[in-house]
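Spelled out from the first residue to the last, the chains are:
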Amino acid sequence: MMKTAKFKSLPVNWLILPAKAVAMIFIGVLAFTVIVANCAAEPWQAKASIDVDGTGLTQALLPAELLMGNNNGSYDLILNGPDNNPRAFELFMKNRSDSKQFILKPGNIQLNQAGGFVWDADLPGTLVDEIRIEMGDHNYMGRVDVMVQTETGWQTVAQNQAIYRTPEAANASINIEQGMYKKIRLVFTGFDKAYKQKIVPIRRVTALHRGKDEQYAQMQIVMTDRMQVSRDEDFTELKMVLPGKGIRIKQIRITTNSRFKGSWELGHELIRNNRVRFIPEQSGRVSGVTGDGRMISMAVNKVWNMNCLILRLRPDSGFLGPIDQAIVVLHQPKILFSADMPGRYTALAGTGRHTRLKQFAGISGQAMVRHLDFGPPEVKIWYNSQSLLEKFKIKGGPFDENGDYRWKSPVTIDKIGYYRLIFNMETSLAKAGASVRLVKDNEQIPFFWGRQTYTSHELAAQTEYDRDENATSWEVSLPVKSGAWQTLVLTGSGIFSRTVHCYREKSGKTGWEKVMTRHWSHAEQGVTQLEIDSPGRFMNGRRLKISIDHGDNQPIEISKIEAGFMAPSICFLAYEPGNYFLFGGNEAEGPPSYDLTLIQDRLMASLPEDIEMAAADVVNASKWEQLIERLFQGKGLGLYAVLAVVTLILIGVIVRLFPKAGVRGPQN
């Protein structure tokens, strides 16, 4: 008798709850798998891929962005296959030539009637263009004739070739006309009588075919958009950021707007004592002007192990026009690997695994090599202000805004980044930026002193032409009275030769006195400049006068008059946008000292964004200074009140100095 099974119905909730649990477990496992996969993913800073549609040896030029060299000569690079597993590869500069050499076996050795001996051997069925001989007796000295057998018979291809002594053997290296020969015959004749009618032992005879080595693959990188130009007193500086490290630079080419003749220095920069320093590496000189003289070519031929490259140009004339173009010519390395499956192969830099860069490929020439190109490289932004702040803890200490700082300048930052704050004219000329602090939300922002930048200010001039004397004068006023003005630059054009006189105002503004005379000449059409150094040395006020006597010539025009000064700068990381403030004027605090050496390699490998310093406001002046500041600010009623009080005081003094009417003094 069969029993019927009875199933007890379960509530729906009893089925839903286990399903939810299974789903949650599945989602957890999936999330864990994704996290593990992401953790196991290869870290990288730059990568590029190449698509291979077959198998076999594959060669490609490595993009410069993937070069991450170290001081020990190795490069941080790996190659992953389509299955994301690493593959073996070679990194090299060029392919070796197809040179071949064969050690010959003697077929016949015998004496000849001339007192020497003859050495014969068969040649391999290949091209031969050199014969090398190593004698077994290192004391042997003589000469050798080389004969080869062709389809038409024996012919002499080299005569009277010297066999020279070395510390270990007597040798000869003989170049012959390249060809494919059947046999070779060497006829030896000794200089010493002891070797007459004597067969001298021969250690080795080698036949060679010398192929030409492959040329370096050259690449030109236009640096115009990857450089920052600044000017010092006597040189122009170009800071360029290379796309990689360990780049083999062959040459640097600079195109200027005017002819250049002078010296140059190549180097990098470091942060020392909280200030950027230039470290020279190489120097040279452009002594001759070729072509139009606008192209400056500097041979470097050096492996550059930094991203940062600083070029300083010092013209002999003291004037260098604008930089039109900068090009770095480099030798581009190659990568060679064996593709074991079709698909995408990816080269990654910055994973922490290193390989050596060889001069020649070790396996090239052994099989047919496929030549392909990498796709556009993908480069991670190597620096992020927030991550650097968190990783290296470069935040500064607390700051008391109620301290003894006398002025502050607002600095508005719209986005995080790396900035260079260039001081304004008033602060630079007053030399008031030595003891400054950059502050946000009552906390200091670490910075280091950047390089001083030459800044020019165009001056308004009042021109006067004296027709009777055929002379022109220009009266100009400097915006700030200071001895820190570096240069006074006059701009003109055309072909001329003139004498320029500079004057300053006499005491009490009673006239002008001559303080300097300079000769100014230009031998071709176009713009020319006369630069007068350190005008602040001979000026006792803000006004000066320039005069040019034209003699019997047509008057020349000065199109522009500029005064230049050196503006200090500070470089800093802004880890968040917002309102920052630059405080200064507290000489008792002295300059700050921040430890930024941990990130200097990353900072030096980037171009900061330039921002200008805003006008400074007085924040902690004395009571009299605050009163005067309030009274005269805006030239409102306070100004007129002060003037009225001063006027009344002067009237009272005058009244007391003069005697009253009708009163006579004592008689003698």
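Residues numbered from 1 in each chain as written. Predicted model: local features only at pLDDT ≥ 70, side-chain atom pairs only at ≥ 80, totals over all residues. Heavy atoms only, no water.

Undergrad: Is there a simple way to explain the side chain of D137 in this structure?
TA: When you line up the elements, D137 lands in the loop between β8 (128–135) and β9 (142–150). Among the polar contacts made by the side chain of D137, one reaches the side chain of Y195 at a distance of 2.8 Å. Leaving out residues up to four positions away in the same chain, D137 has contacts with A170, Y195, V200 and P201. (Helix = DSSP H or I, 4+ residues; strand = E, 2+ residues; numbered from the N terminus. Polar contact = N/O pair within 3.5 Å; in protein donor to acceptor, adjacent residues only side chain to side chain. Contact = heavy atoms within 4.5 Å.)

Undergrad: Explain the sheet that holds strand β32 (residues 453–458) here, please?
TA: Strand pairing within a sheet occurs via backbone hydrogen bonds; the two strands may be parallel or antiparallel. Strand order across the open sheet formed by four strands is β32-β40-β35-β38, with antiparallel pairing between neighbours. Two strands bound the open sheet, and with one partner strand each, they are β32 and β38 (527–533). Taken over all neighbouring pairs, the strand axes of this sheet differ in orientation by 30° on average, direction set aside. (Pairing = 2+ DSSP bridges. Axes fitted to C-alpha atoms, helices over the stretch in contact; angles between N-to-C directions.)

Undergrad: How should I be thinking about a negative patch on the surface in this particular structure?
TA: A cluster of acidic residues, E464, D466, D468, E469 and D549, forms a negative patch on the protein surface. With respect to the element layout, E464 can be found in strand β33 (residues 461–466). (Patch = residues over 30% accessible without salt bridge, like charges linked within 9 Å, V, L, I, M, F, W, Y side chains within 5 Å. Areas by Shrake-Rupley, 256 points an atom, 1.4 Å probe, with all protein chains shown as cover. Salt bridge = Lys/Arg side-chain N within 4 Å of Asp/Glu carboxyl O. Lys, Arg positive; Asp, Glu negative; His and termini not counted. Charge placed at Lys NZ, Arg CZ, Asp CG, Glu CD.)

Undergrad: Sorry, what's going on with the pairing of strand β34 (residues 471–477) here?
TA: Two faces belong to every sheet, and in a regular strand the side chains alternate between them. In terms of burial, β34 is a largely internal element, five of the seven residues being buried. In this sheet, β34 lies alongside β33 in antiparallel orientation, the contact comprising six bridges. Looking at β34, one finds that Q462 is bridged to E475. Taking the residues between adjacent antiparallel strands as the criterion, β33 and β34 are bridged by four residues, where N470 takes a positive phi near 50°. Bridge analysis of β34 against strand β39 (residues 543–549) gives seven bridges, and the strand direction is antiparallel. Residue pairing for β39: A471 is matched across the bridge by D549. (Buried < 20%, exposed > 50% of the residue type's maximum accessible area, 1.4 Å probe, protein only.)

Undergrad: I keep staring at unusual backbone geometry and nothing clicks. Help me out?
TA: Apart from glycine, the bulk of residues carry a negative phi angle, and the bulk of peptide bonds sit in the trans form. Of note, the phi angle at N273 is positive, near 55°, even though the residue is not glycine. Among the secondary structure elements, N273 is positioned in the loop between β18 (262–272) and β19 (275–286). The phi dihedral of N442 falls on the positive side, at around 65°, and the residue is not glycine.

Undergrad: It is not clear to me how the packing of aromatic side chains should be interpreted in this structure. Could you clarify?
TA: In the structure shown here, the tally under the stated rule is 13 aromatic pairs. Both rings, one in Y140 and one in Y195, keep their centres 5.2 Å apart while their planes meet at 85°; by these two values the pair is edge-to-face. Residue Y140 is located in the loop between β8 and β9, and its partner Y195 is located in the loop between β12 (183–190) and β13 (202–209); the two are separated by 55 residues in the primary sequence. Relative to Y345, the ring of F337 has its centre 5.1 Å away and its plane inclined at 35°; by these criteria the two rings are tilted. (Phe/Tyr/Trp six-rings, centres within 6.5 Å; stacked < 30°, edge-to-face > 60°.)

Undergrad: What should I look at first to understand the sheet that holds strand β14 (residues 217–222) in this one?
TA: The four strands lie next to each other as β14-β22-β17-β20, forming an open sheet whose pairing is antiparallel. Every interior strand has two partners, whereas the edge strands, β14 and β20 (295–304), have only one. Each strand of the sheet is rotated relative to its neighbour by a mean of 20°, with strand direction disregarded. As defined by bridge partners, β14 adjoins strand β22 (residues 323–332) across six bridges and the pair is classed as antiparallel. Among the inter-strand pairings, V222 is bridged to a residue of β22, identified as I327.

Undergrad: Even after reading the chapter, I still don't get the confidence of the model for the protein chain, so can you show me in this structure?
TA: Note that predicted coordinates carrying low pLDDT should not be read in detail. On average, residues of the protein chain score 83 in pLDDT, and 84% of them reach the 70 mark or higher. Within the model, the stretch residues 1–41 combines pLDDT values under 50 with one contact to residues more than four positions away or in other chains. Low confidence marks residues 631–635, where pLDDT is under 50. Its contacts with residues over four positions away, or in another chain, come to seven contacts. (pLDDT = per-residue confidence, 0-100.)

Undergrad: I would appreciate a short explanation of the pairing of strand β29 (residues 436–440) in the present structure.
TA: β29 sits mainly inside the fold: five of its five residues count as buried. Burial along β29 is two-sided: V436, L438 and K440 and R437 and V439, pointing in opposite directions, are all buried. Inspection of the sheet shows β29 paired to strand β42 (residues 578–584) by four bridges, in the antiparallel sense. Its bridge partner lying in β42, R437 is registered against F583. Two elements, β29 and strand β30 (residues 443–444), share two bridges in a ladder whose sense is antiparallel. Counterpart to V439 in the pairing with β30 is Q444. Counting the residues in the hairpin turn of β29 and β30 gives two residues, including D441, whose phi is positive at 55°.

Undergrad: I tried to follow a nonpolar patch on the surface on my own but got confused; where do I start?
TA: A cluster of nonpolar residues, I109, L111 and I199, forms a patch on the protein surface that exposes about 230 Å² of accessible area. Along the polypeptide, L111 turns up in strand β6 (residues 106–111).

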